[in-house]
Amino acid sequence: MRIGELARAVGVTTRAVRHYHQSGLLPEPVRLGNGYRDYGLRHAVVLARIRRLTELGLGLAEVRDVLADEAGKDLVEVLTELDEDLARQEAAIRERRTRLRALLETEGGLTAEGPVSPELAALFRDTAHLSGSPMAARDREMLALIETATPPEERERLMGLLGGVVDVPGGVERVRELYERLDALADAEPDDPRVEETARAMAASVPDGMVPEGVDVEGGADGFLRAFYADFPPAQAEVIRRMVRIISEEGS
């Protein structure tokens with residue numbers, strides 16, 4: 001048989017046949033005097049088995065193991081491992097679909113910052129009127145980053161603390177005032193008198209437990225904290241440093 005005849009007989013493409021040759025799965029046949037490959041029935045049998053195994057989901061390395069020694073690696077063992085792997089994939093897909101449904105069904109779940117949890121979506125919704133503040137926009141991005149990188153238990157704790165800031169009477173107004181103060185410092189110098197005032201106002205508004213104990217205020221040994229400070233104009237970064245220092249000193 002020519003390669004086209006073999007491919008048609010087994011129901012694959014000639015490209016697949018060549019790929020299996022290159023992968024070492026299908027033995028090379030003898031070549032005729034004119035250079036064409038001459039396939040026999042054994043090639044069709046092996047190719048059909050390759051097709052069946054790959055359609056079951058086996059990778060080429062696994063197919064090679066099965067074909068290498070018919071009495072060697074037990075096919076039942078290979079298929080059992082494949083079934084277990086598929087079960088894990090099914091569970092992961094179900095979990096992803098559950099999360100997607102929750103996002104689609106939650107008002108505000110899809111935001112400019114990307115998919116966020118229902119809790120963070122609710123917080124963004126409650127503070128949507130602050131969207132004109134550049135500092136508020138930075139905070140939303142940072143909260144989405146923190147939520148992504150934080151373990152579920154810690155994330156739930158932080159979202160609870162943040163929700164408590166805006167849920168109390170006058171909370172939203174205080175947050176708006178803080179953002180206005182911070183936005184006003186965008187072009188200021190770090191020694192501007194308003195820096196200290198704003199830092200103390202922020203420290204008074206941050207809930208207990210929001211700033212980790214023993215945090216490196218200057219971020220000298222913490223690459224993430226250094227990058228965090230560097231993302232802000234100098235006066236705003238100084239406000240955050242002083243706010244963290246005030247909270248750390250009062251807690252010690």
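A quick note: this is a predicted structure, and the numbers were derived from the prediction, not measured.

A. Representation of the overall build of the chain in the model. A tally of helices and strands in the chain yields 12 helices and four strands. The buried share of the chain, taken over its 252 residues, is 35%. Taking the contacts inside the chain whose residues are at least 6 apart along the sequence as the reference set, 54% of them involve residues at least 24 apart. Accessible surface computed for the chain: about 15500 Å², of which carbon and sulfur atoms make up 53%.

B. The packing of aromatic side chains, seen in detail. Within the structure shown, the criterion is met by two aromatic pairs. Aromatic side chains Phe228 and Tyr229 sit 6.0 Å apart centroid to centroid with 55° between the ring planes, which places their arrangement in the tilted category. Under the relative-accessibility criterion, Tyr229 is labelled buried at 4%. Judged by centre distance (5.0 Å) and plane angle (65°), the ring pair of Phe228 and Phe232 falls under edge-to-face. Across the pair, exposure class does not vary: Phe228 and Phe232 are buried alike.

C. Layout of the confidence of the model for the chain. Averaged over the chain, the pLDDT score is 81; the fraction of residues at 70 or greater is 86%. Taken element by element, the chain is modelled with least confidence in strand 3 (residues 110–111), mean pLDDT 55, and with most confidence in helix 2 (residues 14–22), mean pLDDT 93.

D. Expanded view of the pattern of salt bridges. Applying the stated criterion across every chain yields a total of 10 salt bridges. Between Arg181 and Glu177 there is a salt bridge whose closest N-O contact spans 3.5 Å. Taken together, the positions of Arg181 and Glu177, both in helix 9 (residues 171–184) and four residues apart, correspond to about one turn of that helix. According to the relative accessible area criterion, Arg181 is partly exposed, its value standing at 31%. Ionic pairing is found between Arg242 and Glu196, a salt bridge with its closest N-O pair at 3.0 Å. Of this pair, Arg242 sits in helix 12 (residues 234–251) while Glu196 sits in helix 10 (residues 193–205), placing them 46 residues apart in sequence. Among the charged side chains, a salt-bridge network with shared partners connects Glu196, Arg200, Glu238, Arg241 and Arg242.

What counts, and at which threshold
- Residues numbered from 1 in each chain as written.
- Predicted model: local features only at pLDDT ≥ 70, side-chain atom pairs only at ≥ 80, totals over all residues.
- Heavy atoms only, no water.
- Helix = DSSP H or I, 4+ residues; strand = E, 2+ residues; numbered from the N terminus.
- Buried < 20%, exposed > 50% of the residue type's maximum accessible area, 1.4 Å probe, protein only.
- Contact = heavy atoms within 4.5 Å.
- Areas by Shrake-Rupley, 256 points an atom, 1.4 Å probe, with all protein chains shown as cover.
- Phe/Tyr/Trp six-rings, centres within 6.5 Å; stacked < 30°, edge-to-face > 60°.
- pLDDT = per-residue confidence, 0-100.
- Salt bridge = Lys/Arg side-chain N within 4 Å of Asp/Glu carboxyl O.

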